[in-house]
Amino acid sequence: MSLMSFRRLGLRRLDLRHLSLRSWALALVLVLGLWQIGEGLWIPAKAWLAQQLIAQAWDEAMVSRGPVPPWPWADTNPVARLVVPALGIDQIVLAHATGRILAFGPGHLDGSPAPGTAGLSVVSGHRDTNFRFLADVVPGTGLRIQRADGSWVDYVVREIQIVDGRTARLPLIGNGPPLLALTTCYPFDAVMPGGPLRLVVLAEGVSTTAAR
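The following refers to the structure shown. This structure is a prediction, so every number in the text was calculated from the model and none was measured.

Moving on, we get to the pattern of salt bridges. Counted according to the given criterion, the structure contains six salt bridges. Ionic pairing is found between Arg-100 and Asp-75, a salt bridge with its closest N-O pair at 2.3 Å. Linking Arg-100 in helix H2 (residues 99-102) with Asp-75 in the loop between helix H1 (3-64) and strand S1 (78-84), this pair joins segments that are 25 residues apart in sequence. With a relative accessible area of 52%, Arg-100 lands in the exposed category. Its salt-bridge partner being Arg-158, residue Glu-204 comes within 3.0 Å of it at the nearest N-O pair.

Here the focus is unusual backbone geometry. Peptide bonds are trans in most cases, and residues, glycine excluded, mostly fall at negative phi. The peptide bond linking Tyr-186 to Pro-187 adopts the cis configuration, its omega dihedral lying at 5°. Here Pro-187 lies in the loop between strand S7 (178-185) and strand S8 (197-209). The backbone of Arg-65 sits at a positive phi, close to 55°, despite the residue not being glycine. At His-96, a residue that is not glycine, the phi angle is positive and equals roughly 80°. Of note, His-96 is situated in the loop between strand S2 (89-95) and H2. When its relative accessible area of 29% is taken as the criterion, His-96 is described as partly exposed.

With 23 residues, the main nonpolar core has Phe-133, Leu-134, Leu-143, Leu-180 and Leu-182 as its most contacted residues. When residues of this core are traced back to their parent elements, those giving at least two are S1, S2, strand S5 (142-146), strand S6 (152-164), S7 and S8. Broken down by element, this core gets its largest block of residues, four residues, from S1. The contact partners of Leu-134, leaving out residues within four places of it in the chain, are Leu-182, Thr-184, Phe-188, Leu-199 and Val-201. Grouped together as the second largest cluster of nonpolar side chains are nine residues, Ile-54, Met-62, Ile-92 and Leu-94 included.

Attention now goes to the environment of Pro-85. Relative to the assigned elements, Pro-85 resides in the loop between S1 and S2. With a relative accessible area of 54%, Pro-85 lands in the exposed category. In this structure the C-alpha to C-alpha distance between Pro-85 and Leu-143, which are 58 residues apart in sequence, comes to 7.1 Å. With residues near it in sequence (within four places) discarded, Pro-85 still touches Gly-142 and Arg-144.

With four of five residues buried, S5 lies mostly within the body of the structure. Summarising the sheet, S5 and S6 pair through five bridges and their orientation is antiparallel. Each bridged residue has a counterpart across the sheet, and for Gln-146 the counterpart in S6 is Trp-152. Between the end of S5 and the start of S6, which pair antiparallel, lie five residues, with Gly-150 showing a positive phi angle near 95°.

Structurally, His-108 can be placed in strand S3 (residues 107-108). Polar contacts involving the side chain of His-108 include one to the side chain of Ser-112, which spans 3.0 Å. Setting aside anything within four residues of it in sequence, one finds His-108 in contact with Val-79, Val-93, Leu-94, Ala-95, His-96, Ala-97, Pro-113, Ala-114, Pro-115, Ser-121, Val-122 and Val-123.

Now for the packing of aromatic side chains. Aromatic ring pairs: the centre-centre distance and the angle between the two ring planes describe each pair. Under the definition given, this model contains three aromatic pairs. Summarising the aromatic geometry, the rings of Phe-131 and Phe-133 are spaced 5.5 Å apart at their centres and angled 85° between planes, so their arrangement reads as edge-to-face. The exposure classification of Phe-131 matches that of Phe-133, with both residues buried.

Rules and cut-offs
Residues numbered from 1 in each chain as written. Predicted model: local features only at pLDDT ≥ 70, side-chain atom pairs only at ≥ 80, totals over all residues. Heavy atoms only, no water. Salt bridge = Lys/Arg side-chain N within 4 Å of Asp/Glu carboxyl O. Helix = DSSP H or I, 4+ residues; strand = E, 2+ residues; numbered from the N terminus. Buried < 20%, exposed > 50% of the residue type's maximum accessible area, 1.4 Å probe, protein only. Core = buried A, V, L, I, M, F, W, Y, C linked by side-chain atoms within 4.5 Å. Contact = heavy atoms within 4.5 Å. Pairing = 2+ DSSP bridges. Polar contact = N/O pair within 3.5 Å; in protein donor to acceptor, adjacent residues only side chain to side chain. Phe/Tyr/Trp six-rings, centres within 6.5 Å; stacked < 30°, edge-to-face > 60°.

Okay, structure coming up:
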């Protein structure tokens with residue numbers, strides 16, 4: 001074999017080695033890409049599954065008239081159903097307005113009256129998911145709350161406020177007519193999460209319909 005043939009063989013082997021390294025790199029990029037796509041699909045899929053389980057738990061609670069956790073290890077349970085007919089909103093309100101609970105749905109603030117009962121009930125939700133619709137609510141918008149006993153209370157939005165969450169505090173009113181405060185972070189198009197501002201939608205109960 002001539003010196004030229006050896007050189008050609010060496011170049012071929014070098015090219016194959018580079019090709020092998022390139023193939024491994026492409027395979028690694030493909031695997032990482034598929035993993036990221038799978039992760040991106042799993043998050044909404046998990047949220048969708050949670051909503052189905054929460055809705056099922058609410059339906060079971062309407063039959064049993066008792067708290068039903070949406071899954072065995074859940075530290076929450078559905079306490080009310082929130083409907084905004086004009087906006088096509090139908091959501092289940094969960095017990096406890098903690099960060100972990102709000103990832104699955106709007107949460108009822110501990111210490112405030114149950115939604116649909118006398119006094120001021122406070123319900124919170126994330127501005128980029130469950131309570132995004134509050135951006136389209138205006139004074140006069142009708143809301144409905146289904147209570148744990150199956151009856152319905154109709155509300156009308158009376159006032160919308162933007163407050164500083166560091167200083168503003170909603171009064172804990174435990175008697176009087178049914179009042180509802182829906183709260184979320186503000187503004188809706190904020191780039192960074194958090195921030196001190198809160199949007200507060202105040203609604204007043206106007207009628208009650210028996211369970212059916």
